[in-house]
Amino acid sequence: MKTNAPSGLTLYTFAMSHYSEKIRWTLDHCHIPYREVCMTPVFHMLPALRMGKRGQTTLPILQTPRTAIQNSPRILDWLLDNYGPLDILPASHQQAVRDVEQRFDAIGKDVARFLYANSFGKADDHILRLWTDHASGSQAAFLRAAYPFVRWAFRRKLSITPQRAELALQRITREINWLDTQLTDGRFYLVNNRFSAADITAAALLAPIACPQQHPVYGDPQFAASMADAIKPWRDRKALQWVRHMYDLHRGEFTGGAFSPQRTRLRA
Ligand SMILES: N[C@@H](CCC(=O)N[C@@H](CS)C(=O)NCC(=O)O)C(=O)O
């Protein structure tokens with residue numbers, strides 16, 4: 001790690017965001033100190049626009065002493081430039097790692113679509129609870145009152161229609177098939193037989209489906225139970241077992257301070 005690396009990093013996330021988990025895991029694994037701020041949907045929009053300066057409202061955003069970086073691949077680039085070399089982004093296999101990263105980043109929206117399509121409006125819809133977990137009292141009250149409208153707006157923003165949900169299912173299945181195929185030759189890690197950002201990205205992006213017990217949101221038995229029927233066709237696939245195994249072996253502690261150690265350790 002570079003000795004002149006900047007300190008004072010703040011990672012803005014949603015607790016349930018799989019792209020946020022990719023960066024959170026990277027920081028934890030690389031022992032880069034940071035503070036995590038879990039934002040509340042809707043209330044994240046203005047701060048994200050202001051910090052990101054790219055006309056986009058997505059999280060994660062990494063706030064550094066000098067700048068703010070939005071978009072997880074750009075955050076990895078910045079971490080490599082400022083804290084490199086990083087064992088998870090080896091120079092010798094950089095392109096192969098980034099190719100796998102891109103592949104799983106590309107289904108992130110499909111995973112979100114699948115998740116919301118199978119949660120919104122169901123009797124055991126946990127989304128409001130998850131969205132308000134880190135909210136202030138007034139934010140939670142607003143979201144509770146406005147939930148039907150926010151849910152509608154969210155469906156529109158993510159294009160959650162029966163057709164798009166079906167397409168999402170097909171695209172996720174394609175990547176699960178790909179991952180299964182990679183693993184049939186007996187390999188354990190996706191690139192160069194070593195744990196890398198390729199494994200972190202694949203596992204983090206599939207965590208909402210694999211429900212690894214260490215995950216502060218998707219490891220929640222209540223959440224897993226609410227998604228059990230939807231996830232059933234994939235649950236025991238080699239690819240998803242591999243995701244849970246990556247969490248078992250490499251997830252380690254959540255050091256950003258947003259989740260109580262008790263909450264994450266209980267399931268570890
Ligand atoms: N390409 C982005 C995608 C991030 C993304 O889609 N984040 C979602 C949460 S998983 C988000 O912030 N959605 C809220 C919004 O777009 O306002 C990345 O890799 O960081």
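Residues numbered from 1 in each chain as written. Predicted model: local features only at pLDDT ≥ 70, side-chain atom pairs only at ≥ 80, totals over all residues. Heavy atoms only, no water.

Engineer: Provide a residue-level description of helix H8 (residues 162-184), including the pertinent values.
Structural biologist: An ideal rise of 1.5 Å per residue puts 33 Å on 23 residues; H8 measures up with 33 Å between its terminal C-alpha atoms. Restricting attention to buried positions, one finds in H8 the residues Ala 165, Ala 168, Ile 172, Glu 175, Ile 176, Trp 178, Leu 179, Asp 180, Gln 182 and Leu 183. Buried residues belonging to H8 abut helix H4 (94-105), helix H5 (108-117), helix H9 (197-210) and helix H11 (238-250). (Helix = DSSP H or I, 4+ residues; strand = E, 2+ residues; numbered from the N terminus. Expected span 1.5 Å × (residues − 1). Buried < 20%, exposed > 50% of the residue type's maximum accessible area, 1.4 Å probe, protein only. Contact = heavy atoms within 4.5 Å.)

Engineer: Outline the domain arrangement of the protein chain, listing residues and values.
Structural biologist: Along its sequence, the protein chain is carved into domain 1 (10-86) and domain 2 (93-265). Here the C-alpha centroids of domain 1 and domain 2 sit 17 Å apart. Facing the 25 residues of domain 1 at the interface are 41 residues of domain 2. Together domain 1 and domain 2 conceal approximately 2,900 Å² of surface at their shared face, both sides included; 64% is due to carbon and sulfur atoms. At the boundary of domain 1 and domain 2, one finds 5 salt bridges. In this assembly, domain 1 and domain 2 are joined by 16 residue pairs in polar contact (both at pLDDT 80 or more). Contributions of two or more residues to the side of domain 1 that touches domain 2 are made by helix H1 (18-29), strand S2 (35-38) and helix H3 (72-83). It is H1 that provides the largest number of residues to the side of domain 1 that touches domain 2, a total of 9 residues. (Domains from an automatic or database assignment. Buried area = accessible area lost by both parts, 1.4 Å probe. Salt bridge = Lys/Arg side-chain N within 4 Å of Asp/Glu carboxyl O. Polar contact = N/O pair within 3.5 Å; in protein donor to acceptor, adjacent residues only side chain to side chain.)

Engineer: Give me the sheet that holds S2: which residues, what numbers.
Structural biologist: Pairing within the open sheet is mixed, and its 4 strands lie in the order S2-S1-S3-S4. Of all strands in the sheet, those with a lone pairing partner are S2 and strand S4 (68-70), marking the two edges. For this sheet, the mean inter-axis angle between neighbouring strands, taken without regard to orientation, is 20 degrees. Alignment of strand S1 (residues 10-13) against strand S3 (residues 61-63), held across 3 bridges, turns out to be antiparallel. Residue pairing in the sheet places Leu 11 in a bridge with Leu 62 of S3. (Pairing = 2+ DSSP bridges. Axes fitted to C-alpha atoms, helices over the stretch in contact; angles between N-to-C directions.)

Engineer: With reference to specific residues and values, describe H1.
Structural biologist: Taking 1.5 Å per residue as the helical rise, H1 with its 12 residues ought to reach 16 Å, and the 16 Å between its terminal C-alpha atoms agrees with that figure. In terms of burial, H1 is largely enclosed, as 11 of its 12 residues are buried. Restricting attention to buried positions, one finds in H1 the residues His 18, Tyr 19, Ser 20, Glu 21, Lys 22, Ile 23, Arg 24, Trp 25, Thr 26, Leu 27 and Asp 28. N-cap assignment for H1: the residue whose side-chain oxygen lies 3.4 Å from the backbone N of Tyr 19 is Ser 17. Immediately downstream of H1, the backbone of His 31 shows phi near 55 degrees, a positive value.

Engineer: A description of the packing of aromatic side chains should follow, citing residues and the corresponding values.
Structural biologist: Scanning the entire structure with this criterion turns up 19 aromatic pairs. Every member of this aromatic cluster is reached through a ring pair, and the members are Trp 25, Phe 188, Tyr 189, Phe 195 and Tyr 247. The cationic tip of Arg 251 hangs over the ring face of Phe 254; the distance from NZ or CZ to the ring centre is 3.8 Å. (Phe/Tyr/Trp six-rings, centres within 6.5 Å; stacked < 30°, edge-to-face > 60°. Lys NZ or Arg CZ within 6 Å of the ring centre and 35° of its normal.)

Engineer: Describe the packing of H1 against H9, listing the residues and the values that go with them.
Structural biologist: At a minimum axis distance of 8 Å, the contact between H1 and H9 shows a crossing angle of 140 degrees. Taken together, the axis directions place H1 and H9 in an arrangement best described as oblique. The interaxial crossing formed by H1 with H9 has right-handed handedness. Only Ile 200, Thr 201, Ala 203, Ala 204, Leu 205 and Pro 208 of H9 make contact with H1, whose side of the interface consists of His 18, Tyr 19, Glu 21, Lys 22, Trp 25 and Thr 26. Considering only residue class, the contact of H1 with H9 consists of 7 nonpolar, 3 polar and 2 charged. (Parallel < 35°, antiparallel > 145°, perpendicular 65-115°, else oblique. Left-handed = near helix turned anticlockwise from the far one by under 90°. Nonpolar A, V, L, I, M, F, W, Y, C, P; charged D, E, K, R; others polar.)

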